[in-house]
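Chains, contacts and geometry: an overview
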Amino acid sequence: MFDQFSFGNTGWGDELLSGLGVTVRLAAATLPVGLLIGFGVAQLLMARSFMLRAVGVGYTTLMRGLPEILTLFMVYNGVGLALKSFSQHFAPGGAGFDISPFVAGTTALALVFGAFAAEVIRGGFIAIPRGQIEAGQAIGMSPAQIFWRIKLPQLWRFALPGLGNLWLGLLKDTSLVSIIAVNDLMRMTKVAVGVTKQPFTFYLVACAIYWVLCLFSETALARMERRANRGVARA
Amino acid sequence: MDLIGTLLANWPRLLDGTAMTLKLTVTAALISVVITPLLALGRVHAGPVAGGLLRLYVSFVRGTPLLAQLFLVFYGSGQFRPFFQEWGLWGFIREPFNCCVLVLVMYTTAYQAEILRGGIQAVPRGEVEAAQAVGMTYRQILRRVIFPHAVRFAWPGLGNEMIILVKGSALASVVTVFDLMGRSRQIFLHSFDFAIYIWAAAIYLMITACIVLLWRLIELRLARHMHPSSPLPGASP
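Okay, so let's go over this structure. Since we're looking at a predicted model, the values are computed, not measured.

Here we take up the overall build of chain A. Each helix and strand counted, chain A has 8 helices and 0 strands in total. Counting from the amino terminus, chain A carries its helices and strands in the arrangement α-α-α-α-α-α-α-α. For 235 residues, the compact-globule estimate of 2.2 N^0.38 gives 18 Å, and chain A exceeds it by more than 25% at 22 Å. Within the span of chain A, comprising 235 residues, buried residues form 43% of the whole. In chain A, 72% of the contacts between residues at least 6 apart in sequence involve partners at least 24 apart. Accessible surface, chain A as shown: approximately 12,300 Å² in total, 66% of it carbon and sulfur.

Close contact between helix α8 (residues 199-228) of chain A and helix α2 (residues 48-63) of chain B brings their axes to 8 Å; oriented N to C, the two are set at 95°. By the angle class used here, α8(A) and α2(B) are roughly perpendicular. Taken together, the residues of α2(B) that come into contact with α8(A) (itself represented by C207(A), Y210(A), W211(A), C214(A) and L215(A)) are L56(B), S59(B), F60(B) and G63(B). Considered class by class, the residues forming the contact of α8(A) with α2(B) number 7 nonpolar, 2 polar and no charged.

A cluster of nonpolar side chains, F80(B), F83(B), W87(B), L89(B), F92(B) and L102(B), forms an exposed patch at the surface whose accessible area comes to about 600 Å². On the basis of relative accessible area, W87(B) is assigned to the exposed category, the value being 59%.

What follows is about the interface of chain A and chain B. The interface of chain A with chain B comprises 33 residues on the first partner and 34 residues on the second. Summing the contributions of chain A and of chain B, the shared interface buries around 3,000 Å²; its carbon and sulfur component is 78%. Contact with chain B buries surface across chain A, with K172(A), F200(A) and W211(A) losing the most and accounting together for 20% of the total. One can count 1 salt bridge joining chain A with chain B. Taking the shortest distance from any N to any O, the salt bridge between K167(B) and E68(A) comes out at 3.5 Å. At the junction of chain A with chain B, the criterion picks out 8 residue pairs in polar contact (both at pLDDT 80 or more). Mapped onto the side of chain A that touches chain B, the elements with two or more residues apiece are α2 (50-65), α3 (68-90), α7 (185-196) and α8 of chain A. Of all the elements, α8(A) adds the most residues to the side of chain A that touches chain B, at 10 residues.

So, how was this worked out
- Residues numbered from 1 in each chain as written.
- Chains lettered and ligands numbered in written order.
- Predicted model: local features only at pLDDT ≥ 70, side-chain atom pairs only at ≥ 80, totals over all residues.
- Heavy atoms only, no water.
- Helix = DSSP H or I, 4+ residues; strand = E, 2+ residues; numbered from the N terminus.
- Rg over C-alpha atoms; globule rule 2.2 N^0.38 Å.
- Buried < 20%, exposed > 50% of the residue type's maximum accessible area, 1.4 Å probe, protein only.
- Contact = heavy atoms within 4.5 Å.
- Areas by Shrake-Rupley, 256 points an atom, 1.4 Å probe, with all protein chains shown as cover.
- Axes fitted to C-alpha atoms, helices over the stretch in contact; angles between N-to-C directions.
- Parallel < 35°, antiparallel > 145°, perpendicular 65-115°, else oblique.
- Nonpolar A, V, L, I, M, F, W, Y, C, P; charged D, E, K, R; others polar.
- Patch = residues over 30% accessible without salt bridge, like charges linked within 9 Å, V, L, I, M, F, W, Y side chains within 5 Å.
- Salt bridge = Lys/Arg side-chain N within 4 Å of Asp/Glu carboxyl O.
- Buried area = accessible area lost by both parts, 1.4 Å probe.
- Polar contact = N/O pair within 3.5 Å; in protein donor to acceptor, adjacent residues only side chain to side chain.

Listed below in structure tokens is the structure:
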């Protein structure tokens, strides 16, 4: 029964593996963009101006309250429509161009990831003792120095558990992108099911692969947390 | 983009989809109310074998995408068609709505059980001992001491799970259930009218806002003995 998971023309092993590659690439491409959005929105949430804070709160409320699949379709279809009307405006009657599903998927996932990450990062900033920042000011550090030497190293420590959970969620949410025709693990599994007519076997294998990916990530995250906390006394 | 016109043209189908989303969510939530406490107690008390199986179940559900679980049950059940037919379950499992509820229940109970387990383990040991000392049976202790505390501790976390459940129910649209997501998608594919997604988003936000509000109200009621300003009716001063 393992024949059908062999590599090459007779088995689905290589197809599933290429799907896994796309899944990992999706998650890896989303992470930096999502973190950047998260940092930016966290700054908005902590801004002095009421307007900026309202924008930040509005963004996180919206993105955390909508189903991920709705966000995905809004980005995929919405940007597609916008591009179409844009190209019609400049080249009437032209064929126009479509947004690539991979880019749409990464964008939607990053928008959602950023909203959740903003709350985690804000929590991390709040957890930094005020006295340390004052101490930095007292010995004449510039705001940039305070950020790089005091805030950021500790932010990492405080935010890592939360960001780790978000990473696990992101890995799983990449499966949604299969709905808009990205050849990730989920979609390659669907293709294999279409040919072999063994849905349970193949979806179980797909589940197992995601599971291993998550367990592997959990181990790596636990190790990163230990490393981030190496200079801190255990309570 | 004509928001009002889109709403006027499509409100019956949007309403229909919203009703289906609520039906999916509420059915799954009500079933999980029965299963979650059993799983949570199992996680606290079970022996090595049953406990291991429960841990495996929770780890599997939390480590795999909801969409993959849905496909595993919805399409995967076809591989065991003779088995299901023999047991008279084929009619049940073939129905997309039932599959979605089943998967949503599996998904949410795994998370909820962990939250409630935290609540159960946070109940002060002394209160349980006091209940034993006055001669309560285990069932009485569960009903009068452990669960009232545990549910109160777990309440905010359970509220988050309800919101995740609403959002998760949108995946039902992938297996041909016409919930709010499915209806909006259907309308969009016919009209290419982006405004329909805006309305869908607004309705989803309204549903989650209602849950947040409801949860806050019940939370206040669960903790009413913690607010001395509002004495219980009939309580002696």
